[in-house]
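This is what each chain is made of:
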Amino acid sequence: MTPSTVPTTTPEAGSVGAVETRYVDLPYPVALDCGRDLYGVRVAYETYGTLSPSRDNVIMVCHALSGDAHAAGFSKSTTDETTRDGFRAEDRDGASGKGLGWWDGMIGPGKAFDTDQYHVVSTNLLGGCRGTTGPSSPDPATGRPYGSTFPVITVADMVRTERAFLDELGIERLAAVAGGSLGGMQAFEWAITYPDQVDAIISIASTHALYPQGVAWNAIAREAIMRDPAWHGGDYYETDQAPDAGMGVARMIGHITYLSAPALEEKFARRLQFADDIRYTITEPEFEVESYLRHQADSFVKRFDANTYIYTSRALTYFDLARQYGAGSLVRALEPIQARTLLIAFSSDWLYPPSASREIEHALRSLGKPVACHVIDALYGHDCFLLEEARQIPIVRAFLSGATQ
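Here the structure is a predicted model, which means the values were calculated and not measured.

### Thoughts on the side chain of Ser313
Working step 1: One can find Ser313 in helix α8 (residues 306-318).
Working step 2: On the basis of relative accessible area, Ser313 is assigned to the buried category, the value being 0%.

### Overview of the packing of helix α5 (residues 244-257) against helix α7 (residues 288-303)
Working step 1: Remark: α5 packs on α7, axes separated minimally by 8 Å, with the N-to-C direction vectors making an angle of 120 degrees. Put simply, α5 runs oblique to α7. As α5 runs across α7, the sense of the crossing is right-handed. Contacts between α5 and α7 involve Asp244, Met247, Gly248, Arg251, Met252, His255 and Ile256 from the first element and Tyr292, Leu293, Arg294, Gln296, Ala297, Phe300 and Val301 from the second.
Working step 2: Split by residue class, the contact of α5 with α7 holds eight nonpolar, three polar and three charged.

### Some details on the sheet that holds strand β11 (residues 176-180)
Working step 1: On the basis of which strands lie adjacent, the open sheet formed by eight strands has the order β2-β5-β10-β6-β11-β12-β13-β14 and mixed pairing. Edge positions in the sheet fall to β2 (22-25) and β14 (371-376), since each has one partner strand and no second. Taken pair by pair, the neighbouring strands of this sheet meet at an average axis angle of 20 degrees, ignoring direction.
Working step 2: Packing of helix α13 (residues 389-401) onto the sheet brings it into contact with β6 (58-62), β11, β12 (200-204), β13 (340-346) and β14, and relative to β13 it is tilted by some 170 degrees.

### A closer look at helix α2 (residues 155-169)
Working step 1: Here α2 is 15 residues long and its end C-alpha atoms lie 21 Å apart, about the 21 Å a rise of 1.5 Å per residue gives.
Working step 2: Residues of α2 that are buried: Val155, Ala156, Asp157, Met158, Val159, Thr161, Glu162, Arg163, Phe165 and Leu166.
Working step 3: Taken from the residues just after α2, Gly170 is the one with a positive phi, measuring 75 degrees.

### Considerations on the packing of helix α4 (residues 212-226) against α5
Working step 1: In the contact formed by α4 and α5, the axes pass within 7 Å of each other and the chain directions differ by 165 degrees. Considered as vectors, α4 and α5 are oriented roughly antiparallel to each other. Crossing geometry of α4 relative to α5 is assigned as right-handed. Across the interface between the two elements, Trp217, Ile220, Ala221, Ala224 and Ile225 of α4 pack against Gly246, Met247, Val249, Ala250, Ile253 and Thr257 of α5.
Working step 2: Among the residues forming the contact of α4 with α5, the class breakdown is nine nonpolar, two polar and no charged.

### Some words on the nonpolar core
Soluble globular proteins tend to pack their nonpolar side chains together in the buried interior.
Working step 1: Counting residues in each nonpolar core, the largest one holds 70 residues, and the members touching the most others are Val177, Tyr309 and Leu334.
Working step 2: Among the elements that make up this core, the one with the highest residue count is helix α3 (residues 182-193) (seven residues).
Working step 3: With residues up to four places along the chain from it excluded, the contact list for Leu334 reads Phe188, Ile192, Leu321, Ile360, Ala363, Leu364, Leu367 and Lys369.
Working step 4: One finds Trp103, Phe113, Ala176 and Leu400 within the second-largest nonpolar core, a separate group that totals 37 residues.

### Side note on α7
Working step 1: Taking 1.5 Å as the rise per residue, α7 with 16 residues should run 22 Å; its terminal C-alpha atoms sit 23 Å apart, in good agreement.
Working step 2: When we look at burial in α7, the residues that qualify are Ser291, Tyr292, Leu293, Gln296, Ala297, Phe300 and Arg303.
Working step 3: Where α7 is buried, its residues contact α5 and α8.

### A short note on the confidence of the model for the protein chain
Working step 1: Confidence in the prediction of the protein chain, expressed as mean pLDDT, is 93, and 92% of residues score 70 or more.
Working step 2: Throughout residues 1-11 the model reports pLDDT below 50, and contacts reaching past four residues in sequence, or to other chains, amount to 28 contacts.

### So, the packing of aromatic side chains
Working step 1: The final tally for this structure, using the stated rule, is eleven aromatic pairs.
Working step 2: Seen from their ring centres, Trp102 and Trp103 are 5.3 Å apart, and the 15 degrees between their planes marks the pair as stacked.
Working step 3: Look at Trp102 and you get buried, because its relative accessible area is 5%.
Working step 4: Ring geometry for Tyr236 versus Tyr237: centroids 4.4 Å apart, planes at 40 degrees, classification tilted.
Working step 5: For Tyr236, a relative accessible area of 5% translates into the label buried.
Working step 6: Here a set of aromatic residues connected by ring pairs shows up, and it is made of Trp102, Trp103 and Phe113.
Working step 7: Looking at Arg251, its charged tip hangs above the ring of Phe300, at a distance of 4.4 Å from the centre.
Working step 8: Over the ring of Phe399 we find Arg340; its NZ or CZ atom is 4.2 Å from the centre of that ring.

Rules and cut-offs
- Residues numbered from 1 in each chain as written.
- Predicted model: local features only at pLDDT ≥ 70, side-chain atom pairs only at ≥ 80, totals over all residues.
- Heavy atoms only, no water.
- Helix = DSSP H or I, 4+ residues; strand = E, 2+ residues; numbered from the N terminus.
- Buried < 20%, exposed > 50% of the residue type's maximum accessible area, 1.4 Å probe, protein only.
- Axes fitted to C-alpha atoms, helices over the stretch in contact; angles between N-to-C directions.
- Parallel < 35°, antiparallel > 145°, perpendicular 65-115°, else oblique.
- Left-handed = near helix turned anticlockwise from the far one by under 90°.
- Contact = heavy atoms within 4.5 Å.
- Nonpolar A, V, L, I, M, F, W, Y, C, P; charged D, E, K, R; others polar.
- Pairing = 2+ DSSP bridges.
- Expected span 1.5 Å × (residues − 1).
- Core = buried A, V, L, I, M, F, W, Y, C linked by side-chain atoms within 4.5 Å.
- pLDDT = per-residue confidence, 0-100.
- Phe/Tyr/Trp six-rings, centres within 6.5 Å; stacked < 30°, edge-to-face > 60°.
- Lys NZ or Arg CZ within 6 Å of the ring centre and 35° of its normal.

Below, the structure written as structure tokens:
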């Protein structure tokens, strides 16, 4: 185990500049774990850096539940619907956050995923609502939005789609697959399903299986959406309603699970929002933290589809490497991995706790496979993988250079 803290300094780094999201239509159906084939799949993606003549410098970056293909640089189609919202987003980005990629601090010249050296690829995952086929997309068979007819998907289905997408780009092998949270789950799916095609994986604030408390909170968030009368069983696209109320509550629930109690205390404490004393109101927020959650809800429903939230949340709760690949044994599940593995966890993350990363580390070490695990002492819970970029950069750069195992 490496030390729990790392230097906070970062190298001089630049931006990938203005980028444009592009699209690939897969020529063949994607076979899903549920037994269905999904036809006419479109994948939204962005790339940063130059592809080497031998096509051996590709890093696949996978996003978390609410992310998209726009991982770095400034979008040419700038909107207010940035995926860099969330805890301390305004403190971190100021006015520059508009149109900025969700992992911009990690991707670019001189950054963790150095685009002077690597060709970084980011896609919107299967089931998404930001350009890749999902519940809000038109079903080729009917021309109408899938809605409730969209098939239940898994993380393995997402990775299978990414593999088919890369085939269309002519990319056979990956120098690394990296991601935080759900993105880290995808990295492990890659390493197990395509072991001879991945040189390294970087799994940050992730797990081999969501712990029961995480499963429970995800269930509550989905229930909030599905109990909204405007959900219409998932078929709300052709109505004049959307389950914004339920989706807002789901976002509030999810957002709190991404934080820690000390982080909330530091930022909000029990400060009142609008007055020097309580106003004896039930319907209006009294405390800053209440107002903050309403703001998060209002922002999120403007950019994210409720069905995508439901389907993606279900996929990450299904994810369980031991069940899927090891007949209950994590060690057996990880046997196929040939890639070097980097694990980064955060001390205050109770949703994807450091213990999960240590379980993976111990299983890989028992198999004699190269693995490095870093636990960063940080305050902000699960959101640290987005907020503590400066402290992750030297770890990732050293790992990719081969300086550490």
